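Chains, contacts and geometry: an overview
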Amino acid sequence: MDMQAFNTEDEKEVICPHLERALILIGKKWNAMIITVLLKYGSLRFKQLSKYVNPCSDRVLVERLKELESAGIVKRVTFEDSSLIEYRLTQKGEDLDKTLKSLHNWSDKWLCKE
C-alpha cells in the first residue's frame, strides 16, 4: 500500500489509542525490565530491585517506579513500625506476564542474529 495514499482519517485508525499508550508505557526505557524482574522475583526492596535493573541509576529507577505506580502496574508497600518499603506488581502488572514472555521469545528468534 502506498503510504502517500493514507489520508488523515486513515492514519488515526492505524494504531488504537489504547495500544499506543501501552507501547509508550511498556516501551519506555527500564519499564519492561522492572516489570520482568518483579514478575520473576515478586516483592523486592528498592536496593534489591536496583541490582537487577542495572545500570539504571537510582534517580531514574525512582522515576520509573513512580510512573508504573501511577499507571497501576506497581504497588509500593510500606510496613507499620518499619522503614521497610517493597515494590510488587498489581494484578494489572501481573497480567503483562504472557505479553512480555511473548516479546522475549520474539526477540530471541529475530533480534539475536543482528
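Presented here is a report on the structure given in the accompanying data block. (Residues numbered from 1 in each chain as written. Predicted model: local features only at pLDDT ≥ 70, side-chain atom pairs only at ≥ 80, totals over all residues. Heavy atoms only, no water.)

The residue Glu-86 is located in strand E3 (residues 85–89) in this model. Here the side chain of Glu-86 touches Arg-88 through a polar contact of 3.4 Å, side chain to side chain. Sequence-distant contacts of Glu-86, defined by excluding residues within four places in its chain, comprise Ser-43, Leu-44, Arg-45, Lys-75, Arg-76, Val-77 and Phe-79. (Helix = DSSP H or I, 4+ residues; strand = E, 2+ residues; numbered from the N terminus. Polar contact = N/O pair within 3.5 Å; in protein donor to acceptor, adjacent residues only side chain to side chain. Contact = heavy atoms within 4.5 Å.)

On to the environment of Lys-29. Structurally, Lys-29 is set in the loop between helix H2 (17–27) and helix H3 (31–41). Linking Lys-29 and Cys-56, residues 27 residues apart in sequence, is a C-alpha distance of 9.1 Å.

So, about the packing of H3 against helix H5 (residues 58–70). In a packed pair of helices, the relevant descriptors are the angle between the two axes and the axis-to-axis distance. Interhelical geometry of H3 versus H5 gives an angle of 75 degrees and a closest axis separation of 10 Å. Here H5 runs roughly perpendicular to H3, going by the angle between their axes. Taken together, the residues of H5 that come into contact with H3 (itself represented by Asn-31, Ile-34 and Ile-35) are Leu-61, Arg-64, Leu-65, Glu-67 and Leu-68. Looking at the contact of H3 with H5 residue by residue, the classes come out as 5 nonpolar, 1 polar and 2 charged. (Axes fitted to C-alpha atoms, helices over the stretch in contact; angles between N-to-C directions. Parallel < 35°, antiparallel > 145°, perpendicular 65-115°, else oblique. Nonpolar A, V, L, I, M, F, W, Y, C, P; charged D, E, K, R; others polar.)

Direction of pairing for strand E1 (residues 44–45) relative to E3: antiparallel, over a ladder of 2 bridges. Residue pairing for E3: Leu-44 is matched across the bridge by Tyr-87. In the sheet, strand E2 (residues 74–78) pairs with E3 via 5 bridges, with the strands oriented antiparallel. The residue of E3 that forms the bridge with Val-77 is Glu-86. Here E2 hands over to E3 after 6 residues, with Asp-81 in that stretch at a positive phi of 55 degrees. (Pairing = 2+ DSSP bridges.)

As a further point, take the nonpolar core. In this structure, Ile-34, Ile-35, Leu-49, Leu-65, Ile-73 and Val-74 are the most contacted members of the largest nonpolar core, which totals 22 residues. Where this core is concerned, the elements lending two or more residues are H2, H3, helix H4 (46–52), H5 and E3. Once residues within four sequence positions are removed from consideration, Val-74 is found in contact with Leu-38, Leu-65, Leu-68, Glu-69, Tyr-87, Arg-88, Leu-89 and Thr-90. (Core = buried A, V, L, I, M, F, W, Y, C linked by side-chain atoms within 4.5 Å. Buried < 20%, exposed > 50% of the residue type's maximum accessible area, 1.4 Å probe, protein only.)

So, about the pattern of salt bridges. Applying the stated criterion to the full structure yields 6 salt bridges. Asp-58 serves as the salt-bridge partner of Lys-47, at 3.1 Å between the closest nitrogen and oxygen. Within this pair, whereas Lys-47 is found in helix H4, its partner Asp-58 is found in helix H5, the two being separated by 11 residues in sequence. Residue classification places Asp-58 among the partly exposed residues on the basis of a relative accessible area of 35%. A salt bridge links Asp-97 to Lys-101; the shortest N-O distance between them is 3.3 Å. Here Asp-97 and its partner Lys-101 are both found in helix H7 (residues 97–110), 4 residues apart, which amounts to about one turn of the helix. The exposure class assigned to Asp-97 is partly exposed, which follows from its relative accessible area of 25%. (Salt bridge = Lys/Arg side-chain N within 4 Å of Asp/Glu carboxyl O.)

Purely geometric numbers; function is a separate question.
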